[in-house]
Amino acid sequence: MEVNMWAISVTLFVIIAGSSILKLLWGTRAVGYLPGLTIPLQPIGFPGGAFKMTWWNLGFEFAWRWRKTFYSQRGVETVSLVPFIFGDPAIITSNIDVAKQFLAGSTKSSFGKPEPRKLAPISFWGISLFVSDGDAWKRHRRVVGPSFSNKLYELVWSEVVRTYSEMVVAEGFEDKKVVEIPAVQSLTTKLAFLIIGRCGFGFPFSWAEPIRATGSKMAFPQAIRVYMRHLLLLYLPSCVRSIPLSVFSEFNASVTEIRSFMEHKIREKQKEVKSNRGQQLGNDIFSVLVQANDAEADPKLKLDDSEVISNVFTMLFAGHETTAHTMAATIACLAKDQIYQQEVFEQIQCIVGNAREPTFEDYSKLDKVQASFYESLRLFPTGYLSIREAHHDTLLHIPDTNGEGRITTIHVAKGTQVLVDNIGINYNPRYFEDPQEFKPSRWHGITNESESYYAFGFGPRACIGRKFAMSEAVCLLTMLLRDWKIEPLLQDNETVDAWYGKLFSDAHSLVTLAIANVSIRLVRRAP
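Calculation criteria
- Residues numbered from 1 in each chain as written.
- Predicted model: local features only at pLDDT ≥ 70, side-chain atom pairs only at ≥ 80, totals over all residues.
- Heavy atoms only, no water.
- Phe/Tyr/Trp six-rings, centres within 6.5 Å; stacked < 30°, edge-to-face > 60°.
- Helix = DSSP H or I, 4+ residues; strand = E, 2+ residues; numbered from the N terminus.
- Buried < 20%, exposed > 50% of the residue type's maximum accessible area, 1.4 Å probe, protein only.
- Pairing = 2+ DSSP bridges.
- Axes fitted to C-alpha atoms, helices over the stretch in contact; angles between N-to-C directions.

> So what about the packing of aromatic side chains? Which residues, and what values?
Per the stated rule, a full pass over the model turns up 32 aromatic pairs. On the basis of an interplanar angle of 45° and a centroid distance of 5.7 Å, the ring pair of Trp125 and Tyr227 is categorised as tilted. Of this pair, Trp125 sits in the loop between α4 (120–123) and α5 (134–144) while Tyr227 is found in helix α8 (residues 220–229), placing the two residues 102 residues apart along the sequence. Take Trp125 and Tyr227: they sit in the same class, and that class is buried.

> How would you summarise the sheet that holds strand β5 (residues 178–181) if you had to cite specific residues and measurements?
The strand order across the open sheet formed by 3 strands is β5-β13-β10, and the pairing between neighbours is antiparallel. Every other strand in the sheet has two partners, leaving β5 and β10 (484–488) as the edge strands with one partner each. With direction set aside, neighbouring strand axes in the sheet form an average angle of 20°. As judged from the 5 bridges shared by β10 and strand β13 (residues 520–524), these two strands associate in the antiparallel manner. Bridge pairing links Ile486 to Leu522 in β13.

> Mind laying out unusual backbone geometry, listing which residues take part and the relevant values?
For the bond running from Phe46 to Pro47, omega is 5°, close enough to zero to count as cis. Turning to its location among the elements, Pro47 is positioned in the loop between β1 (36–41) and α2 (62–65). The residue Tyr33 is not glycine, and still its phi comes out positive at about 60°. Structurally, the position occupied by Tyr33 is in the loop between α1 (5–30) and β1. We note that Asp434 has phi near 50°; this positive angle belongs to a residue other than glycine. Within the secondary structure layout, Asp434 lies in the loop between α15 (422–426) and α16 (466–483).

> Residues and numbers for the pairing of strand β9 (residues 417–421), please.
Within β9, 5 of the 5 residues are buried, leaving the element largely enclosed by the surrounding structure. Of the two faces of β9, both are covered, the one formed by Gln417, Leu419 and Asp421 as well as the one formed by Val418 and Val420. With 4 bridges connecting them, strand β3 (residues 90–93) and β9 associate as parallel partners. Counterpart to Ile92 in the pairing with β9 is Leu419. The sheet contact formed by strand β6 (residues 385–390) and β9 spans 5 bridges and is antiparallel. Across the sheet, residue Arg388 finds its bridge partner in β9, namely Val418.

Keep in mind these values describe shape, not function.
Right, dumping it as structure tokens:
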């Protein structure tokens, strides 16, 4: 029988075209016919996120690359993203009133966290505070919440002071008047990792010693970096990841190291719990997680093994990655703005001086240090997207932004993805005058707890580690700026503006938004 390849090709084309049209029609209806973009692939996830941003694919980086024009060109702050080949339809917003509907977090809310399989890079280890929803989230929050107290923040502060001193000695800064650092992230990432490990989990990390599980070939921080670099592989079936290719082998080795390290530390803590049963071991994050895993734990608060591992990994990762990037961004912004850096230095001199080390009691007085961190986090929001999903058919109320006070109500179908664009909010000129500019003074008089500050999220699911990160960053910046003047480290014939612009143009995003490598020169201040 002769095969008519032409007929087969036409049939396949009609089937593919027809299914794409049907998917597009369904997606358009799912987002309540909200105007927006028609795209081949949903950008948040696989496979859309696996490809770079091009003319045919948005990719993970579209919110950052189009931060100046995405909403302004359309004259709206809430836009639909409807794929016609693969992925769920979505609504993305830079409007705080719309965002609050997505992030309300109450049991009556129509929007919640997506299914764990859709958050594969984070839910791979199990259910945690970050990916759970509803009653499961409340259980995780009740277990972990009490650990985040002023006692912890005081410990964070004192550990940063100690770790900074370790760093100065170990890196050979002690006797130098000028230090050149090609990428300050190499220091901020290491410091942030040590601080969350020491303060949150009691791990005996040190600046000089590599951290690894017994008998392991890969150091734990290296394993984290490899894991994050190949994160999208988690969307592939495990049988595919077992193919003997170098990229899979490296990724699988990182997973083995991470799991081995965490299981080893958990077993050590479990032995401590059993030998001290009936006694309160401590209120640190790691202790409360492992005690919730104990056989005699309160059934209402009990966590299984995978939940303990998942929470440990998530907090180790989120607790250092986001803070490290923002500290690097703050250092970069202050290197560019020498006038404000001098103001910060003068405040540090006035409050702390050179005769003693800064203490946690100084924290609230160092408002200009805080403001520089806030403003840098606004410019480079590490948690750049908050992802939710409509759990059932519902209504979304979109306020008019031209001052007329009108509200448009649209029907949103179950399963529609909703995205809070934190980059869009932070660059929205209705909320921030001159949003492209570094203006720390906009945060003067605004406290860490104020609802005017959105970078850590809002509502009941705002970042639980907010004060942890602020305590760590303010202490490090205070120590650094007291001892050193920070300057851009320029290439031949490079201007400061070009150096600064490169940090924006070369920033990249996946799970978090990361500023490009910050090259700086430290010049020791006169005593």
